[in-house]
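Read off the chains here:
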Amino acid sequence: MFREILFAALSVAVFSTAAAQETARFKEINEAFLSPGSKIIMIASHRGAHNDFPENSMASFKRGIELGIDVIELDVRHTKDDSLVVMHDASVDRTTNGTGKVADLTFEEIRKLRLKFNGQLTEEQVPTLEEALNLAKGKILVDLDIKTSRVPQIITVVERTQTAGTTMFFLGRGIYAKMVKEKNPAFRTLVRTHQAADIDSLFALTKTEAVHIDPSHNTVEVISKIKKNGGRVWINSLGEIDKRAAAGDLEAYGELLKNGANMVQTDYPALLMKYLKSKNLYYN
C-alpha cells in the first residue's frame, strides 16, 4: 500500500528550490547534518521539548528551537477530512480533553480541543503539519514520523512550505526512501533498520542521509559502514538510558555512543547537550 501511495505522489508538482531565510544556527546544524564524519553528535528531541510543554505542541517545538538543539521529532496523522495534524497516538484521548480516533474526527473538531501537560489542560491546540514546518523552517531540522498513509499530502505540504532542506522523512524500508528521492532528490530520509544485514541492502538500493539503528546492531562495524556511505547514525536513548541520565548518571549517554552513533533521539535534550559539551562532542 505504501509503495502505491508513494508512486501516486509522483504526480505532485515539483518542489520549488527557493531557499528559506535561514538562521546562522540552522546553517551550522545543516552543515553538521551533511558532514557525518564530523565530531558533532546531533540532538533530536522526541515529540518536541515535551518536558516543558505539551508533547507535539507548537510551544514544545518553539522550546526546542530556543534550546539550540538540532532536530525536533514530530508525528503526522490525518483527520477524517484529510487534514494533516501532529499527534502521536491514534486517538486524542491521552493528550487532549477530547475522545476518539484522529482519523474519525474532522479538523474543525480537533481544533476545538486543547492539549494536556502533566494532566492539566492548557491553551495549546493540536498543530497542523504546515504550522509546525513553517515554524521550524530555516531554524531547526524536523524528523517526520509518518503515522498516516497520506504521504502524497505530506509531500505537498513540504513542497508548499519549501522545507525539503528542513525535513527528514522517517521511513521503515529502503525502497520507500528510494521512491521519495525519485520524486525529488532534495528530499531527505531517515531509514529504520532492524539488523546488521539491512545496511548493505539499503545502500545498494539508495542513498539516505541518516540510518536509525537498534541496540541489536549498535556495533563499530555497522556504524562505520553507514558513515562510509555518507549517512549519519541515529539511535534512541529513550527509556533506560534517559532514565539513568535524569537520575544523575550522564555517563549513560557515553555507553550508548561508544561505538560511534552520532544522532541521538532523547526525552531530555538539555541533559544530553550538557553531556556532549562536557566531552567536546557538540558545537563550540
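Rules used throughout
- Residues numbered from 1 in each chain as written.
- Predicted model: local features only at pLDDT ≥ 70, side-chain atom pairs only at ≥ 80, totals over all residues.
- Heavy atoms only, no water.
- Buried < 20%, exposed > 50% of the residue type's maximum accessible area, 1.4 Å probe, protein only.
- Helix = DSSP H or I, 4+ residues; strand = E, 2+ residues; numbered from the N terminus.
- Phe/Tyr/Trp six-rings, centres within 6.5 Å; stacked < 30°, edge-to-face > 60°.
- Lys NZ or Arg CZ within 6 Å of the ring centre and 35° of its normal.
- Axes fitted to C-alpha atoms, helices over the stretch in contact; angles between N-to-C directions.
- Left-handed = near helix turned anticlockwise from the far one by under 90°.
- Contact = heavy atoms within 4.5 Å.
- Nonpolar A, V, L, I, M, F, W, Y, C, P; charged D, E, K, R; others polar.
- Pairing = 2+ DSSP bridges.

(A) Layout of helix H6 (residues 151–161). Burial analysis of H6 places 8 of its 11 residues in the buried class, the great majority of the element. The set of residues buried in H6 consists of Val-151, Pro-152, Ile-154, Ile-155, Val-157, Val-158, Glu-159 and Thr-161. Positive backbone phi, approximately 55°, marks Gln-162, located one or two places after H6.

(B) Here's a closer look at the packing of aromatic side chains. As enumerated under the stated definition, the model contains 3 aromatic pairs in all. Measuring from ring centre to ring centre gives 6.1 Å for Tyr-253 and Tyr-275, while their planes differ by 50°; the resulting arrangement is tilted. Of this pair, Tyr-253 sits in helix H11 (residues 251–257) while Tyr-275 sits in helix H12 (residues 269–278), and the two are 22 residues apart along the sequence. Sitting above the plane of the Tyr-283 ring, Arg-25 keeps its charged end 4.1 Å from the centroid.

(C) Inspection of the packing of helix H5 (residues 129–136) against H6 at higher detail. In the contact formed by H5 and H6, the axes pass within 10 Å of each other and the chain directions differ by 35°. As for how H5 packs across H6, the hand of that crossing is right-handed. Contacts from Leu-129, Glu-130, Leu-133 and Asn-134 in H5 reach Ile-154, Val-157, Val-158, Arg-160 and Thr-161 in H6. In terms of residue class, the contact of H5 with H6 is made up of 5 nonpolar, 2 polar and 2 charged.

(D) Just unusual backbone geometry, in detail. Positive phi is not limited to glycine here, since Asn-56 has a value of about 55°. With respect to the secondary-structure elements, Asn-56 resides in the loop between strand S1 (42–45) and helix H3 (58–67). Of note in the backbone geometry, Asp-82 takes a positive phi value of approximately 65° without being a glycine. Structurally, Asp-82 is set in the loop between strand S2 (71–78) and strand S3 (84–86). In this structure Asp-82 comes out as partly exposed when scored by relative accessible area, which is 34%.

(E) Layout of the pairing of strand S10 (residues 232–236). Where burial is concerned, most of S10 is hidden: 4 out of the 5 residues are buried. Bridge count for strand S9 (residues 210–212) against S10 is 3 bridges, and the pairing is parallel. Pairing of His-212 across the sheet is with Trp-234, part of S10. Sheet topology places S10 next to strand S11 (residues 263–266); 3 bridges connect them, and they run parallel. In the strand pairing of S11, Trp-234 is matched with Met-263.

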